[in-house]
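# Reading the structure
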Amino acid sequence: MNVFKPNVVITGATGFLGSSLAAKVLHIGGSVIAITRNDKNGQRTRQAILSAACGFGFTFSTEDMQRVNVIDSNLVEPTIPGLCDILFEQYTVWHCAAEMTYSASKLAQSLNTNLIGTQSLYQNFSRSDACQRFYYVSTAYTAGFDVDIAQESLHLQPLLINTYQMSKWAAEMSLSVAAQKSKLPVTLFRPSIICGHDKTGWDGGSKFGLYGVL
């Protein structure tokens, strides 16, 4: 029986979701390229993945961690897909990195990361024949504030009350347009507030916002 061993490119691998995803991919025998900033030797990224693995109850050997490659670069660097193509014949991209601020005073910074950075990353990878799909980790709150159920469709008239919602919603709209003109398909994921692993209780130690309160 053939066992699927995915090759994935992940942004935000030092964060809660990105490190968790990387740990799961390694656990099932896959390989990871982590695109990160300010981590030239990859130590911070690998430690985040090992912490997530421990929280999930996984044990990785030195050989397992050799299936992690770290590229220290910003999201808009056009050479990134070429570096990934050298390592993998086929792969998918999981874009988990985001600017998490809710502050209106940081609107430009948030849009630069969550909208422009996402669109640049997508456009760069859309030129690669090896990239099979672009997964974007958005948020359930692009549906708007005080919505009971976030429908699995584009939200055309949401009530957006903070910078984070606005920038993530704009990124969804931008990707939906770009995907219509490209051969690279897009899948949106919209998690709500994730506090930790539902079985082990691992929470990554984050003290950000409601994560810390809950």
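Quick note: structure is the one above.
In short, a report on the structure.

Criteria and thresholds
Residues numbered from 1 in each chain as written. Predicted model: local features only at pLDDT ≥ 70, side-chain atom pairs only at ≥ 80, totals over all residues. Heavy atoms only, no water. Helix = DSSP H or I, 4+ residues; strand = E, 2+ residues; numbered from the N terminus. Expected span 1.5 Å × (residues − 1). Buried < 20%, exposed > 50% of the residue type's maximum accessible area, 1.4 Å probe, protein only. Arc of directions from axis to C-beta. Contact = heavy atoms within 4.5 Å. Polar contact = N/O pair within 3.5 Å; in protein donor to acceptor, adjacent residues only side chain to side chain. Phe/Tyr/Trp six-rings, centres within 6.5 Å; stacked < 30°, edge-to-face > 60°. Salt bridge = Lys/Arg side-chain N within 4 Å of Asp/Glu carboxyl O. Lys, Arg positive; Asp, Glu negative; His and termini not counted. Core = buried A, V, L, I, M, F, W, Y, C linked by side-chain atoms within 4.5 Å.

### Comments concerning helix α2 (residues 43-56)
Between the first and last C-alpha of α2 there are 20 Å, a value that for 14 residues agrees with the 20 Å anticipated at 1.5 Å per step. What α2 keeps buried is the set T45, A48, I49, A52, A53, G55 and F56. In an axial view of α2, the angular spread of the buried residues amounts to 165°, which keeps them on one side of the axis. Structural note: α2 exposes Q43 and C54 on the side pointing more than 90 degrees away from its buried face. Elements that come into contact with the buried residues of α2 comprise α1 (16-27), β2 (31-36) and β3 (68-72).

### Thoughts on the environment of Q119
Along the chain, Q119 falls in helix α5 (residues 107-125). When residues no more than four places from it in sequence are discounted, the contact partners of Q119 are S174, L175 and A178. Side chain to side chain, Q119 and Q123 meet in a polar contact 2.7 Å long.

### Re unusual backbone geometry
Non-glycine residue N38 carries a positive phi angle of around 60°. Here N38 lies in the loop between β2 and α2. For N38, a relative accessible area of 73% puts it in the exposed group. Here D146, not a glycine, exhibits a phi torsion of approximately 60°, which is positive.

### Thoughts on the packing of aromatic side chains
For the coordinates displayed, the defined rule picks out 11 aromatic pairs. Between Y122 and F134, the aromatic rings sit 5.3 Å apart at their centres with planes inclined by 90°, giving edge-to-face as the arrangement. In this pair, Y122 sits in helix α5 while F134 sits in strand β5 (residues 131-137), placing the two residues 12 residues apart along the sequence. Like F134, Y122 is buried. Through pairs of rings, three or more aromatic residues link up here, namely F16, F56, F58, F60 and W202.

### Considerations on the pattern of salt bridges
Under the definition given, this model contains five salt bridges. R67 is paired through a salt bridge with D64; the nearest N and O atoms lie 2.9 Å apart. Here D129 makes a salt bridge to K183, at a shortest N to O gap of 3.6 Å. In this pair, D129 is assigned in the loop between α5 and β5 and K183 in the loop between α6 (163-180) and β6 (186-189), connecting sequence segments 54 residues apart.

### Digging into the side chain of T113
Mapping T113 onto the fold places it in helix α5. Excluding residues within four positions of it along the chain, T113 makes contact with A98, E99 and T118.

### Comments concerning the side chain of K168
One can find K168 in helix α6. Here K168 occupies a buried position and makes no salt bridge, while the nearest side chain of opposite charge, E172, is found at 7.8 Å. A distance of 2.9 Å separates the side chain of K168 from the backbone oxygen of V137, its partner in a polar contact. Non-local contacts of K168, meaning those with residues more than four positions away in its chain, are made with A98, N114, Y136, V137, S138, T139 and T142.

### What to know about the nonpolar core
Ranked by internal contacts, the top residues of the largest apolar core, which has 25 residues, are I10, A23, L26, V32, F60 and W94. Elements with a contribution of two residues or more to this core: β1 (7-11), α1, β2, α2, β3 and β5. Here this core gets six residues from one element, more than from any other, and that element is α1. What W94 contacts, discounting residues up to four positions off in sequence, is V8, V9, I10, T11, L21, Y135 and F189. Counting residues in each nonpolar core, the second largest holds 21 residues, with I33, I71, F125 and Y136 among its members.

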